[in-house]
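Examination of the molecular architecture
Single-letter residue listing:
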Amino acid sequence: MYRYDEFDRTLVLERARQFRNQVARRQSGEITEDQFKPLRLMNGVYLQLHAYMLRINIPYGTLSSRQMRTLAHVARTYDKGYGHFTTRQNIQYNWPTLEEIPEILEVLAEAEMHGIQSSGNCIRNVTADQYGGVVAEEVEDPRVWSELVRQWSTLHPEFSFLPRKFKIAVTGSPSDRAAVKVHDIGLRAHKNAEGKIGFEIIVGGGLGRTPYIGKTIAEFMPAEHLLSYLEAILRVYNRYGRRDNKYKARIKILVDDIGIEEYRRQADEEWESLKDGALTVPQEEVERIRAYFAPPAYETLPARDSGYEAKLFEDAEFRAWAKVAITAHRQPGYAIVDISLKPIGGIPGDASADQMDALADLADEYSLSELRVAHEQNLVLPNVRQSDLYALWQKLKAHDLATANIGLISDVIACPGMDYCALATARSIPVAQRLSKHFASLEKQHDIGRLHVNISGCINACAHHHVGHIGILGVDKRGEEFYQITIGGRADEFAKLGDRVGPAVSYDRVIDAIDVIVNTYLKLRQPGEKFIATVERLGIGPFKEAFAEENLDAAA
Amino acid sequence: MAEQIVTANRLNDGIVVYFAGDARWVADINEARLCPAGKDAGEALLAEAKTGSYQATAVDPYLMDVVRDAEGRLEPTKYREKIRTLGPSVRLDLGKQVWGPKGHAA
């Protein structure tokens, strides 16, 4: 794993000390809230409905067991015993006091973690495929390049006051698990005909108020030019992004406004002065970073473990879990294990301090001390021997961490919504909980098959509802919570925005509405056809009709 | 009929507070100062709340609507403010709802 160098360490500790001083000045009245707010936001400190919220980056979703123990310690000592894993591979604490936050930041700094650039109009935490470096299908390890981008973007003087926030995601696999097409910039590492690594660079994707699928600005940017080209893209945005209007300030609006060809022309023009300059990535630096991500000490094992296969045969419950929770590892005899933070009726993405400690222990015992955070608000043990899977599963069960619903209808992505968030217009968590309870039967869920439900509590779309197979957006209608439902969205390499199936439905009817959609799918699907494939084959028509027939927008 | 009070979050811990007059900010909504009737009275109350060293206690004060329930207690009209007076509806063990008798469950 990547370890801080002296530069990183000094920077993070200094920032924690600075923040202690800033809090003291705010408390003494030396600075006003208007002056303090941008300072706290730059350290990930928000003010929510009931308390402050502290957002901590987990760069490219990679965590050591030691870091996970620190997160557990912070949850237990300074918060209310839990944390919330977000759709951007961060963790949020919902109850820290302002007075204690400087101390929390110092504790986190000791474990090489911080909240710098987890808010504000800067380049945010770089996210990546949570299976980076371990998945069988991978072309290039996205962590190496995410780390390079992290170093380039951290406290970048020119890009600390952008027109608006800026999010970058990286994948190195053919299957996109990082939603690169709906980020301000998405990077997809791939190889050209000569076997050289380069990047497809996608710009102007995004969700929120005006969703767009990103457009490709470069099909294959040789790796050594990655940073200089990113700098050129950011410069064009920094110059022409709409600073006059917050709702039109993201890069997606600029790209849409001038068109991708013109954006490319301007970026290329800017690049003329940057290309082959100081930002050219030296091969030695790439190798230095790559060395941190060198494969851990794997054992030489047979590709298939007979003990594991016997357990799959014997134990149906284990088999159901393994079917959805396990992904093929690049190292023979190993497996990638997804851990659901979506127990039936639970709060999506929440983990207790005890669960975090248990996971740190399990990572030490079974996963070479490593964990990952997925943007689906689940966790991953990336390096598990197949022969350990059965024992691991039993231990996960004991901590309520073995729900066999990864990728299924109850694996809901949900933002905190109006239960916590000051921006929200409706609740999302209780909708997720009711949905999960409604479809509690794992047999039923496995029959329905892969189906991603995303629930956002406002138009800002933290839960990526536009790209959910079923997307739910909570809105306020004269003080009441209503929900707009879309279907057919997807966040993968075939990214697409969903379409509305009908008028918004009330809080009481929203589960009925999902039921109608699911039943329509079950009635119309062909053998083995997944939900998204049925929607794509038939279009939204039959779903709209079924929705209209039920009068779902009428009072219950 | 809805009346108005001023609410904010407390600087040191972020908890929801209400303006009680005389530069005091209180955690209990029933101790909040009600806006007197009359045009622009709400703005006047907000202006009063925002005087002196209010910044040392209260962050971002604003006006909110309340009504009286059957027992004469103040109750917010908007769902968002109800959640602020109580705590998360999905964690009945957290927030102000554990302090008093009237929780989300009620």
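Residues numbered from 1 in each chain as written. Chains lettered and ligands numbered in written order. Predicted model: local features only at pLDDT ≥ 70, side-chain atom pairs only at ≥ 80, totals over all residues.

Notes on the overall build of chain A
Summing up its helical and strand segments, chain A has 18 helices and 21 strands in all. Taking 556 residues into account, the globule formula puts the C-alpha radius of gyration at 24 Å, and chain A, at 23 Å, falls close to it. The dimensions of chain A, computed from C-alpha atoms along their principal axes, are 60 × 60 × 55 Å. The buried share of chain A, taken over its 556 residues, is 56%. (Helix = DSSP H or I, 4+ residues; strand = E, 2+ residues; numbered from the N terminus. Rg over C-alpha atoms; globule rule 2.2 N^0.38 Å. Buried ≥ 20, exposed ≤ 12 C-beta atoms within 10 Å, placed from the backbone.)

A word on the overall build of chain B
The secondary structure content of chain B amounts to two helices and five strands. In terms of C-alpha radius of gyration, chain B reaches 14 Å, essentially the compact-globule figure of 13 Å for 106 residues. Per-residue burial for chain B yields a buried fraction of 33% across its 106 residues. Restricting to contacts in chain B with at least 6 residues of sequence separation, those with at least 24 account for 42%. (Contact = placed C-beta atoms within 7 Å.)

Some words on the domain arrangement of chain A
Domain boundaries in chain A define domain 1 (6-110), domain 2 (142-292), domain 3 (306-398) and domain 4 (413-549). Taking only C-alpha atoms into account, the centre of domain 1 of chain A sits 27 Å from that of domain 2 of chain A. (Domains from an automatic or database assignment.)

Examining the nonpolar core
Residue and element names in this part refer to chain A. In this structure, Ile233 and Tyr483 are the most contacted members of the largest nonpolar core, which totals 189 residues. A per-element tally of this core places helix H6 (residues 226-240) first, with nine residues. Non-local contacts of Tyr483, meaning those with residues more than four positions away in its chain, are made with Ala426, Val431, Ile472, Leu473, Gly474, Ala504, Val505 and Val510. (Core = buried A, V, L, I, M, F, W, Y, C linked by C-beta atoms within 7 Å.)

Focus on helix H5 (residues 142-153) of chain A
All names here are of chain A. For H5, with twelve residues, the first-to-last C-alpha span of 16 Å sits near the 16 Å given by 1.5 Å per residue. Of all twelve residues in H5, ten are buried, a share of seventy percent or more. For H5, the complete set of buried residues consists of Pro142, Arg143, Val144, Trp145, Ser146, Glu147, Leu148, Val149, Arg150 and Ser153. Contacts made by the buried residues of H5 are with strand E3 (62-64), strand E6 (127-128), strand E7 (168-171), strand E8 (185-191), H6 and helix H9 (283-292). In the stretch just after H5, Leu155 is the one whose phi turns positive, near 50 degrees. (Expected span 1.5 Å × (residues − 1).)

Observations concerning the packing of helix H14 (residues 429-438) of chain A against helix H16 (residues 510-524) of chain A
Residues and elements named next belong to chain A. Axis separation between H14 and H16 bottoms out at 10 Å; the angle between their running directions is 50 degrees. If you check the angle between H14 and H16, you find them oblique. Two packed elements cross with a definite hand, and for H14 against H16 that hand is right-handed. Along its contact with H14, which presents Val431, Arg434, Leu435 and His438, the element H16 presents Val510, Ile511 and Ile514. (Axes fitted to C-alpha atoms, helices over the stretch in contact; angles between N-to-C directions. Parallel < 35°, antiparallel > 145°, perpendicular 65-115°, else oblique. Left-handed = near helix turned anticlockwise from the far one by under 90°.)

Points about the packing of H16(A) against helix H18 (residues 541-549) of chain A
Residue and element names in this part refer to chain A. For the pair H16 and H18, interaxial distance at closest approach is 9 Å and the crossing angle is 135 degrees. By the criterion of interaxial angle, the relationship of H16 to H18 is oblique. Here H16 runs over H18; the crossing is right-handed. Between H16 and H18, the contacting residues are Ala513, Val516, Ile517, Thr520 and Leu524 on the first element and Pro542, Phe543, Ala546 and Phe547 on the second. Taken together, the residues that form the contact of H16 with H18 break down as eight nonpolar, one polar and no charged. (Nonpolar A, V, L, I, M, F, W, Y, C, P; charged D, E, K, R; others polar.)

Details of the environment of Ala422(A)
Residue and element names in this part refer to chain A. Its location among the elements puts Ala422 in the loop between strand E16 (413-414) and H14. In this structure Ala422 comes out as partly exposed when scored by C-beta crowding, with 15 C-beta atoms within 10 Å. For the pair Ala422 and Leu47, spaced 375 residues apart in sequence, the C-alpha to C-alpha distance is 7.6 Å. Other than its neighbours up to four places away in sequence, Ala422 contacts Leu47, Gln48 and Leu49.

Describing the sheet that holds strand E13 (residues 350-352) of chain A
Residue and element names in this part refer to chain A. Taken in spatial order, the five strands of this open sheet run E1-E2-E5-E4-E13, and their pairing is antiparallel. Two strands in the sheet have a free side with no partner beyond their single neighbour: strand E1 (45-47) and E13. Here the average twist between neighbouring strands, direction ignored, is 30 degrees. Direction of pairing for E1 relative to strand E2 (residues 52-57): antiparallel, over a ladder of three bridges. (Pairing = 2+ DSSP bridges.)

Points about the pairing of strand E9 (residues 197-203) of chain A
Consecutive residues of a regular strand have side chains that alternate between opposite faces of the sheet. Residue and element names in this part refer to chain A. The element E9 is extensively covered by neighbouring structure, given that six of its seven residues are classed as buried. Counting the residues in the hairpin turn of E8 and E9 gives five residues, including Gly195, whose phi is positive at 80 degrees. As paired elements, E9 and strand E10 (residues 215-222) share five bridges and run antiparallel to each other. What sits directly across from Ile201, in E10, is Ala218.

What about the environment of Tyr298(A)?
Residue and element names in this part refer to chain A. Positionally, Tyr298 belongs in the loop between H9 and helix H10 (306-314). Residue Tyr298 is classed as partly exposed on the basis of its C-beta count, with 15 C-beta atoms lying within 10 Å. Expressed as a C-alpha distance, the spacing of Tyr298 and Pro332, which sit 34 residues apart in the sequence, is 9.2 Å. Every residue in contact with Tyr298, bar those within four places of it in the chain, is listed here: Gln331 and Tyr334.

Here's the deal with the sheet that holds E7(A)
Residue and element names in this part refer to chain A. Taking strand neighbours across the sheet as the criterion, the five strands line up as E6-E7-E8-E9-E10 in an open arrangement whose pairing is mixed. If you trace the sheet from one side to the other, it starts and ends with E6 and E10, each paired once. Pairing analysis gives four bridges linking E7 to E8, with the strands arranged parallel. Opposite Thr171, over in E8, you have Arg188 as the bridge partner. Contacts from helix H8 (residues 260-272) reach E9 and E10, with the element oriented near 35 degrees to E10.

Some words on the pairing of E8(A)
All names here are of chain A. By the criterion of burial, E8 is predominantly enclosed, with five of the seven residues buried. When E8 meets E9, the two strands line up antiparallel, connected through seven bridges. Residue pairing for E9: Lys191 is matched across the bridge by Ile197.

Regarding the confidence of the model for chain B
Detailed reading of predicted coordinates is not advised where the pLDDT is low. This prediction gives chain B a mean pLDDT of 90; 92% of its residues lie at or above 70. Scoring the predicted complex yields pTM 0.95 and, for the interface, ipTM 0.93. (pLDDT = per-residue confidence, 0-100.)

Some details on the environment of Val107(A)
Residue and element names in this part refer to chain A. Positionally, Val107 belongs in helix H4 (residues 101-110). For the pair Val107 and Thr70, spaced 37 residues apart in the sequence, the C-alpha separation amounts to 7.7 Å. Other than its neighbours up to four places away in sequence, Val107 contacts Thr70 and Val74.

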